[in-house]
Structure formats: structure tokens, C-alpha cells
Amino acid sequence: MIIAIVHADREWGIGKNNDMMFSLPLDMKFFRETTKGNTVVMGGKTLRSLPNGNPLKNRVNIVLSRGQVRDDCIIVRDFEALKKELKTRENEKVYVMGGGEIYKALLPYCDEALITKVDAVGGAEIFFPNLDEREDFVCINEGEWIEDNGYRIRFTKYRNKAKQSL
């Protein structure tokens, strides 16, 4: 199962200056607890944006990057190699965690998308596709608004009605 996981502002903005726009401890806790023990997929810029540029602990990290060479994660050089690697994990939960190009490329293959909606505008440079305007995704769960570090957030889950096979 492939699942996109991200927080997005009112305009579906997800990033600015190769970083997240908001510091959201409850959302980070949700991300940690949800992805721990599973596989995460990211691009090279997202890997470099992590603390000290290191892969996430207690997860298998797959990174799509033409330039990275490291032995602490699985590096794939192109999208076809990424699809091949993901096919070997069809019975696992794989979380797509960015960045923007990775989300766009893998969204058709995602079974679900876990979107933490932030009731603010963060001045984003990178955007996630607006799932509320797409016919292939439907919101199947929408939590109540809660406060997280001065922002109102809501955890939502979308299902892909037209999932493509890898």
C-alpha cells in the first residue's frame, strides 16, 4: 500500500525554502507514529532538509536522487528504478513524504493520502495537488479542527478511486 503523507496550508502549499512552513508538534508526532517501522520515499532535496541531512530512523528510507551516494538508505537513480523498488514492497506500507515532484509523480500510484490541513497560508513555493478538486480522490475521513502550536489543523484521509498499478 502506497500512502502520501503531508501537511498543507489552505492553498495546498507544502513547502518554502526547502523546508516546511509550519512547526506543528502534533502533526510531527502523527507523522512519526504513522511511518515508524515502515518504508518512506523521498527525493534528494527532502533528504537534505532532514536534521543533519540524515535518513529517518526506524524506517527504510528510499531516496530518488541522481547525485547522492550513501549506504544508510536505498538510492534509486530514476523513476523507473523507483517503481521497480516499490513493486518489491507491495505487501508493505510505503509512505511518500516529498518533495513536490515526488508527490506528483507517485500520487497516481497511491492508495491513500493522509493530509494534515493547516488553516493558514504559509507563502508556499511548493504545492501538493488539491485533492478536493480532483475526481480521482475522495475524502473518507475528516477529523475535528484542533490547535497545534498556534495553528488550527485537521487530520484528513483521502482514498484514490483510480489507483494505477506500478
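Placed above this text is the structure.
All of these numbers come straight from a predicted model, not from anything done at the bench.

Thresholds applied
Residues numbered from 1 in each chain as written. Predicted model: local features only at pLDDT ≥ 70, side-chain atom pairs only at ≥ 80, totals over all residues. Heavy atoms only, no water. Buried < 20%, exposed > 50% of the residue type's maximum accessible area, 1.4 Å probe, protein only. Helix = DSSP H or I, 4+ residues; strand = E, 2+ residues; numbered from the N terminus. Arc of directions from axis to C-beta. Contact = heavy atoms within 4.5 Å. Polar contact = N/O pair within 3.5 Å; in protein donor to acceptor, adjacent residues only side chain to side chain. Phe/Tyr/Trp six-rings, centres within 6.5 Å; stacked < 30°, edge-to-face > 60°. Core = buried A, V, L, I, M, F, W, Y, C linked by side-chain atoms within 4.5 Å. Pairing = 2+ DSSP bridges.

**Section: helix α3 (residues 79-87)**
Alright, step 1. All buried positions along α3 are accounted for by Leu82, Lys83, Glu85 and Leu86. Each buried residue of α3 lies within a common arc of 160 degrees when the element is viewed along its axis, so the set occupies one face. Structural note: α3 exposes Glu80 and Lys84 on the side pointing more than 90 degrees away from its buried face.
Alright, step 2. Buried residues belonging to α3 abut β1 (2-8), β3 (39-43), β4 (60-64), β5 (74-76), β6 (94-96) and α4 (100-106).
Alright, step 3. Sitting at the amino-terminal end of α3 is Asp78, which places a side-chain oxygen 3.2 Å from the backbone nitrogen of Glu80.

**Focus on the packing of aromatic side chains**
What describes a pair of aromatic rings is the distance from one ring centre to the other and the angle between the planes of the rings.
Alright, step 1. Under the defined criterion, the tally for this structure stands at six aromatic pairs.
Alright, step 2. Ring geometry for Phe30 and Phe155: centres 4.8 Å apart, planes at 40 degrees, overall tilted. Within this pair, whereas Phe30 is found in helix α1 (residues 25-35), its partner Phe155 is found in strand β11 (residues 151-160), the two being separated by 125 residues in sequence.
Alright, step 3. On the basis of relative accessible area, Phe30 is assigned to the partly exposed category, the value being 25%.
Alright, step 4. Considering the side-chain rings of Phe79 and Tyr109, the 6.1 Å spacing of their centres and the 45 degrees angle between planes classify their relative orientation as tilted. Here Phe79 is found in helix α3, whereas its partner Tyr109 is found in the loop between α4 and β7 (112-118), with 30 residues between them in sequence.
Alright, step 5. Relative accessible area serves as the criterion here: at 24%, Phe79 is assigned to the partly exposed category.

**Looking at the nonpolar core**
Alright, step 1. Ranked by internal contacts, the top residues of the largest apolar core, which has 27 residues, are Leu86, Ile115, Phe128 and Leu131.
Alright, step 2. Elements that contribute at least two residues to this core include exactly β1, β4, α3, β6, α4 and β7.
Alright, step 3. Setting aside chain neighbours within four positions, we find Leu131 in contact with Trp12, Leu107, Ala113, Ile115, Phe137 and Tyr158.
Alright, step 4. If you look at the next biggest cluster of nonpolar residues, it comprises 14 residues, including Phe31, Leu56, Val63 and Met97.

**Some points on the pairing of β11**
Alright, step 1. Bridge analysis of β7 against β11 gives seven bridges, and the strand direction is antiparallel. From the neighbouring strand, Lys117 faces β11, where its bridge partner is Arg154.
Alright, step 2. Note: strand β10 (residues 146-148) against β11, three bridges, orientation antiparallel. Note on β11: the bridge partner recorded for Ile146 is Ile153.
Alright, step 3. Linking two consecutive strands that pair antiparallel, namely β10 and β11, is a turn of two residues; a positive phi of about 55 degrees is found at Asn149 within it.

Everything listed is a geometric property; what it means functionally is a separate question.
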